[in-house]
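Residue-level listing of the chains:
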Amino acid sequence: MEIIRIPKVMQETSRKFLREVKTIGFVPTMGALHEGHLSLVRRAKQDNHVAVVSIFVNPIQFGPTEDFERYPRDIEGDIEKLRKEDVDTIFMPDVSSMYPEGFSTYVEVVDISERLCGAFRPGHFKGVTTVVTKLLNIVKPKILYLGQKDYQQSVVIKRLLKDLDMDVDIVVCPTIREKDGLAMSSRNMYLDNEQRNAARIIYRCLIEASEIIKAGIKDGVYIKNIMFKKLKEEPLVSTIDYAGVYDPDTLVEINEIKKEILLAIALRIGNTRLIDNILLEINT
Ligand code: PAF
């Protein structure tokens, strides 16, 4: 397994893979890897000749009061996990090589980036789409692998690839959950035991809402109110950014539930912001 820190060297390595007619599967991460990331890595390995994983905590996708400084970092542990998965290349640039002095180009997907998480994290998706554009130009994959837990991120990146005619396919893999349903996330590490127990409310609320919808309730506002009520019953939930029923393509809130819907939640337990979602197919 090769570890590359310099963007130009990664580009050279990818060019070499392409000359050898090898397809590159790419998993971008911010490290602190868990089973969710590893499921993407396994899929990338299965589908391609070569799997490249990036580890880069991207400063420009964090707001000034967000957790960039304390975002969990475990480089040694990550390298070990990726070695066990038999990954070909880890790309691990530092901030100054990704954003050298004078860096002034940003990539922004409007509208869908401003909805859901975007409304509460201004500039976040601009940071994501900028770094993902750079990473794709450096790694040159055939297929990009993302997790459904960050559903809005996957929708925004699909739009980016389409609008800029980027010749990359995207595979969105299912959310990997703990036994009690909590979606795996590097930020779960911030939770103490009590908070960790409280966090189970998120998936429970998504499941409860989906069951009510499956039982025939089609009123999105009613479902949203039920979700808020349920989440507020958990005293350790400090803020609810959003909870409700959304169109899975446009991310706009839905009043009348038909066909496919997205049930999504973002909230804080203490200072830790957690998100989760499920997609639901409705037979009308
Ligand atoms: O999902 C993430 O970990 C990040 O947003 C990504 C895609 C690696 C970009 O920094």
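See above for the structure.
First, a word on what this report is: a plain description of the structure on this page. Position numbers for residues count from 1 along each chain, tracking the sequence in the order it is written. pLDDT decides what is reported in this predicted model: residues at 70 or higher carry local features, side-chain atom pairs at 80 or more are listed and counted, and totals for whole chains, interfaces and linings draw on all residues regardless. By convention in this description, side-chain values take in all heavy atoms of the structure and omit both hydrogens and water.

Nearness here has a simple test: a residue counts as near a molecule or strand if at least one of its heavy atoms is within 4 Å of that partner. The full set of residues close to the ligand is Pro28, Thr29, Met30, Asn58, Gln61, Val128, Val131 and Gln153. Taking Gln61, its side chain carries an N or O atom lying 2.6 Å from an oxygen atom of the ligand. Interatomic distance of 2.7 Å between a side-chain N/O atom of Gln153 and an oxygen atom of the ligand. We get accessible surface area from the Shrake-Rupley algorithm with a probe of 1.4 Å; when it comes to residues, only the shown protein chains can shield them. Expressed as a share of its isolated accessible area of 290 Å², the protein-covered part of the ligand is 89%. Mapped by element, the contributors of at least two residues to the shell around the ligand are strand S2 (24–29) and helix H6 (124–139). For the shell around the ligand, the per-class residue count stands at four nonpolar, four polar and no charged. Here a polar contact means two N or O atoms within 3.5 Å. Within protein one must be a hydrogen donor candidate and the other an acceptor candidate, and residues neighboring in sequence count only if both atoms are side-chain atoms. In this text, helices come from DSSP runs of H or I with a minimum length of four residues, and strands from runs of E with a minimum of two, each type numbered from the N-terminal end. Gly is put with the polar residues, along with every residue not named as nonpolar or charged; the nonpolar set is Ala, Val, Leu, Ile, Met, Phe, Trp, Tyr, Cys and Pro, and the charged set is Asp, Glu, Lys and Arg.

Another point: the sheet that holds strand S3 (residues 50–55). Note on pairing: DSSP must find at least two bridges between two strands before they are called paired. Within the open sheet, the six strands sit side by side as S1-S4-S3-S2-S5-S6. Their pairing is parallel. Edge positions in the sheet fall to strand S1 (2–4) and strand S6 (169–173), since each of these pairs with one other strand and no more. Going from strand to strand, the sheet's axes swing by 25° on average, the running direction of each strand aside. Inspection of the sheet shows S3 paired to strand S4 (residues 89–91) by three bridges, in the parallel sense. Paired with Val52 across the two strands is Thr89, which belongs to S4. Along the sheet, H6 makes contact with S2, S3, S4 and strand S5 (143–147), crossing S2 at roughly 150°. With axes taken as lines fitted to C-alpha atoms, and helix axes fitted only over the stretch in contact, angles between N-to-C directions fall between 0 and 180 degrees. For this analysis, residues touch if any pair of their heavy atoms sits within 4.5 Å.

By the criterion of burial, strand S7 (residues 237–246) is predominantly enclosed, with eight of the ten residues buried. Pairing of S7 with strand S8 (residues 260–269) involves eight bridges; the strand directions are antiparallel. The residue bridging Ala243 from the neighbouring strand is Ile265, located in S8. Remark: exposure states derive from per-residue accessible area (1.4 Å probe, protein chains only) relative to the maximum for the residue type, with buried under 20%, exposed over 50%, and partly exposed in between.

Turning next to the layout of surface pockets. Cavities and pockets were defined on a 1 Å grid built over protein atoms only: a cavity is a set of grid points that admits a 1.4 Å probe from which the probe cannot escape, a pocket is an open set flanked by protein on both sides within 12 Å along at least five of seven lines, and lining residues are those with an atom within 4 Å of any such point. Grid points are joined across faces, edges and corners, and a volume is the space filled by probe spheres set on the points. By volume, the second largest pocket amounts to about 190 Å³. Ile55, Phe56, Val57, Ile75 and Pro93 are the residues nearest the centre of the second largest pocket, which is lined by 14 residues in total. Class assignment for the residues of the lining of the second largest pocket results in nine nonpolar, one polar and four charged.

So, on to the nonpolar core. Remark: nonpolar core denotes a set of buried residues (Ala, Val, Leu, Ile, Met, Phe, Trp, Tyr, Cys) joined through side-chain atoms within 4.5 Å. Formed by 41 residues in total, the largest nonpolar core has its most connected members in Phe91, Met98, Val132, Leu136, Val139, Leu144 and Tyr242. No other element matches the eight residues that H6 contributes to this core. Excluding anything up to four places from it in sequence, Val139 contacts Met10, Ser14, Ile24, Phe26, Val52 and Phe91. Counting residues in each nonpolar core, the second largest holds 28 residues, with Ala243, Val245, Ile254 and Ile257 among its members.

Taken N-terminus to C-terminus, the directions of helix H9 (residues 200–214) and helix H10 (residues 220–232) make an angle of 150°; their axes are 10 Å apart at the nearest point. Classified by the angle their axes make, H9 and H10 are roughly antiparallel. Handedness of the H9/H10 crossing: right-handed. Contact with H9, carried on its side by Ile201, Arg204, Cys205, Leu206, Glu208, Ala209, Ile212 and Ile213, involves Ile223, Ile226, Met227, Lys230 and Leu231 of H10 and no other residues of that element. Here the angle decides the label: under 35 degrees means roughly parallel, over 145 means roughly antiparallel, 65 to 115 means roughly perpendicular, and every other value means oblique. For any pair of crossing helices, the crossing counts as left-handed if the nearer helix is rotated counterclockwise from the farther one by less than a right angle, and right-handed if it is rotated clockwise.

Moving on: helix H2 (residues 35–47). Multiplying one less than the number of residues by 1.5 Å gives the expected span of a helix. Between its first and last C-alpha, H2 extends 18 Å over 13 residues, near the 18 Å set by a 1.5 Å rise per residue. Inspection of H2 places Gly36, His37, Leu38, Ser39, Leu40, Val41 and Ala44 among the buried residues, and these make up the whole buried set. The secondary structure elements touched by the buried residues of H2 are S2, S3, helix H3 (75–84), S5 and S6.

As a further point, take the sheet that holds S7. Taken together, three strands build an open sheet; the order of strands is S7-S8-S9 and the sheet is antiparallel. Strand pairing shows two members of the sheet lacking a second neighbour, S7 and strand S9 (272–281), which therefore form its edges. Within the sheet, the average angular offset between the axes of one strand and its neighbour, ignoring direction, is 10°. This element, H10, spans S7 and S8 of the sheet and lies at about 160° to S7.

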